[in-house]
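Coordinate analysis (summary)
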Amino acid sequence: MVKAVVLGAAGGIGQPLSLLLKTNPSITELSLYDIVNTPGVAADLSHIDTPAKVAGYLPPDDGLKKALTGADIVIIPAGVPRKPGMTRDDLFKINAGIVRDLAKGIAEAAPKAFVLVISNPVNSTVPIVAEVFKKAGVFDPKKIFGVTTLDVVRASTFVSEVLGDLSLAPKVTVPVVGGHSGVTIVPLLSQSSHPLPSGFSQENLDKLVNRIQFGGDEVVKAKDGAGSATLSMAYAGADFAYKIICAAKGEKGIVAPTYVNLAADKEGGDALKKEIGRDLEYFSAPVELGTEGVAKINTLGKITAHEANLIKAAVPELATNIEKGVSFIESSKL
Ligand SMILES: NC(=O)c1ccc[n+]([C@@H]2O[C@H](COP(=O)([O-])OP(=O)(O)OC[C@H]3O[C@@H](n4cnc5c(N)ncnc54)[C@H](O)[C@@H]3O)[C@@H](O)[C@H]2O)c1
Ligand SMILES: O=C(O)C[C@H](O)C(=O)O
């Protein structure tokens, strides 16, 4: 029995994500919460002939609490998306408060659930969830994840395009580490399961790295004011959620990059901090998933001098983003 909850379920990501979760036969209960429209989305999805029992909740009558009670996994795509010209950090003003209040609800009603944060800026919203949980005395760093899977999905797609064969995309794996915004997104292309063509120039490598780092902007620009990635994000979010569910059920060997509190695995976290040369509290690293969430944080391993420079550029921005999330909760009345 697995109960999955989507907070922000009526939105651009929330609806297709809920659809994909409903089609996953390992989910037996699907609970949809938003400030609008969830009864309709739930009624629609409930006609699909898969096992999950679907229910929609709105804020009145303790809707958040009812949605969350008994949750095994909570996925948060609630909040505003970017428009052209905005950075993810520009979303902090609105989304920080939304994520804080939802985290408070989770800490009260489902403190043991796995929490998957999609809402931007992820580099700051994950620390926000963690700090709310700390204040509530229910913090478990193994169970809170920033979803960076879309960066991994993009890297697979763009590398397969470079290789001239999109049919390779599902098999190409590239660890993408750091965080989830601009230069904090660091693809370790030297560790790609499918090496880049021999003679691939530095100029082309720079272009490929830049495309992975700024793939979100590509979509924001193309949508021209109508939001950011929703469908590819729903795919990536459902994929990561399924990995968490499979690992929780005891499946071994599942490794995925995800943005976590490095205290989740002290030994691995400390080794990673040494590698990146800074005592960051959060970092997206390849994480081995287990029954309790984070089982092991893997280090970066062998990287090129170019990748080491990318990490160097990522670290100060990550530190600022983390501090912003932490101090927001320190100064929030909960
Ligand atoms: N992590 C990633 O890789 C990634 C990728 C794409 C988008 N995002 C982020 O995901 C977020 C959502 O994007 P979207 O395109 O779905 O936006 P959207 O505006 O289409 O949907 C957001 C939904 O959140 C709901 N919402 C707002 N306040 C709420 C609250 N307090 N409680 C519950 N629900 C609330 C809205 O009603 C809306 O339905 C944005 O912050 C966006 O930047 C992250
Ligand atoms: O780019 C955005 O603002 C949304 C998301 O973070 C993305 O990477 O597509």
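Fair warning: this is a prediction, and the values are worked out from it, not measured in the lab.

1. Some details on the overall build of the protein
The secondary structure content of the protein amounts to 11 helices and 11 strands. A globule of 334 residues ought to have a C-alpha radius of gyration of about 20 Å, and the protein, at 19 Å, matches this closely. Taken over the C-alpha atoms alone, the protein extends approximately 60 × 45 × 40 Å along its principal axes. Counting only residues that meet the buried cut, the protein has 49% of its 334 residues in that class. Considering only contacts within the protein whose residues lie at least 6 apart along the sequence, 73% involve residues at least 24 apart.

2. Some thoughts on the pairing of strand β9 (residues 255-261)
For β9, a buried count of six out of seven residues is recorded, marking the element as mostly surrounded by other parts of the structure. Pairing of β9 with strand β10 (residues 282-290) involves seven bridges; the strand directions are antiparallel. Bridging from a neighbouring strand, V260 pairs with F283 of β10.

3. Comments concerning the site of ligand 1
Lining the immediate surroundings of ligand 1 are 33 residues, of which G8, G11, G12, I13 and N120 lie closest. In terms of residue count, helix α4 (residues 92-109) provides more of the shell around ligand 1 than any other element does, three residues in total. Among the residues forming the shell around ligand 1, the class breakdown is 19 nonpolar, 12 polar and two charged.

4. Notes on the site of ligand 2
Taken together, P81, R82, R88, N120, L150, G216, V219, V220, S228 and A229 are the residues near ligand 2. With three residues, the single largest contributor to the shell around ligand 2 is helix α8 (residues 215-223). Here the residues of the shell around ligand 2 sort into five nonpolar, three polar and two charged. In terms of domain composition, the shell around ligand 2 takes at least three residues from each of domain 1 (3-146) and domain 2 (149-328).

5. Thoughts on the domain arrangement of the protein
Taken domain by domain, the protein comprises domain 1 (3-146) and domain 2 (149-328). The C-alpha-based centres of domain 1 and domain 2 are spaced at 22 Å. The interface of domain 1 with domain 2 comprises 39 residues on the first partner and 40 residues on the second. Looking at the side of domain 1 that touches domain 2 residue by residue, the class counts come to 25 nonpolar, seven polar and seven charged.

6. With respect to the UniProt feature "domain: Lactate/malate dehydrogenase C-terminal" (unreviewed entry) in the protein
UniProt annotation of "domain: Lactate/malate dehydrogenase C-terminal" (unreviewed entry) refers to residues 148-328 when read in the numbering used here. Span residues 148-328 is 49% helix and 15% strand, its end C-alpha atoms 22 Å apart.

7. Digging into α8
Within the sequence span of α8, burial applies to G215, G216 and V220. Looking straight down α8, one finds its buried side chains confined to an arc of 140 degrees; they lie on one side. In α8, the exposed residues that point more than 90 degrees away from the buried face are E218 and A222. In this structure, the buried side of α8 is in contact with α6 (149-162) and α7 (202-213). Positive phi shows up at D224, right after α8, with a value of about 55 degrees.

8. Description of the nonpolar core
Counting residues in hydrophobic clusters, the biggest one holds 104 residues, and the most contacted among them are I73, V74, L116 and V129. No other element matches the nine residues that helix α9 (residues 231-248) contributes to this core. Here this core spans two domains, and each of domain 1 (3-146) and domain 2 (149-328) adds at least three residues to it. Here V74 is in contact with V5, L7, L68, I106, A110, A113, V115 and L116, once residues within four sequence places are set aside.

9. With respect to helix α11 (residues 305-330)
Its 26 residues place the ends of α11 38 Å apart at the C-alpha level, agreeing with the 38 Å of an ideal helix rising 1.5 Å per residue. If you look at α11, its biggest bend is around 25 degrees, right at V315, and the proline P316 turns up within four residues after that. Taken together, the buried positions of α11 are occupied by L310, I311, A314, L318, N321, I322, G325 and I329.

10. Describing the environment of V172
If you trace the backbone, V172 turns up in the loop between α6 and β7 (176-178). When the C-alpha positions of V172 and L231 are compared, they lie 20 Å apart, and in sequence the two are 59 residues distant. Aside from chain neighbours lying at most four places away, what touches V172 is S156, V159, S160, S192, S193 and H194.

11. Description of unusual backbone geometry
The linkage connecting N120 with the following residue, P121, adopts the cis geometry, with an omega of -5 degrees. Secondary-structure assignment places P121 in the loop between β5 (114-117) and α5 (122-136). In this model, D224 sits at a positive phi of 55 degrees, which is unusual for a non-glycine residue. Positionally, D224 belongs in the loop between α8 and α9. With 9 C-beta atoms packed within 10 Å, D224 lands in the exposed category.

What counts, and where the lines are drawn
Residues numbered from 1 in each chain as written. Chains lettered and ligands numbered in written order. Predicted model: local features only at pLDDT ≥ 70, side-chain atom pairs only at ≥ 80, totals over all residues. Helix = DSSP H or I, 4+ residues; strand = E, 2+ residues; numbered from the N terminus. Rg over C-alpha atoms; globule rule 2.2 N^0.38 Å. Buried ≥ 20, exposed ≤ 12 C-beta atoms within 10 Å, placed from the backbone. Contact = placed C-beta atoms within 7 Å. Pairing = 2+ DSSP bridges. Near = placed C-beta within 6 Å. Nonpolar A, V, L, I, M, F, W, Y, C, P; charged D, E, K, R; others polar. Domains from an automatic or database assignment. UniProt positions renumbered as here; feature names shortened; annotations may be inferred. Arc of directions from axis to C-beta. Core = buried A, V, L, I, M, F, W, Y, C linked by C-beta atoms within 7 Å. Expected span 1.5 Å × (residues − 1). Bend = angle between axes of the 7 residues up to and from the residue.

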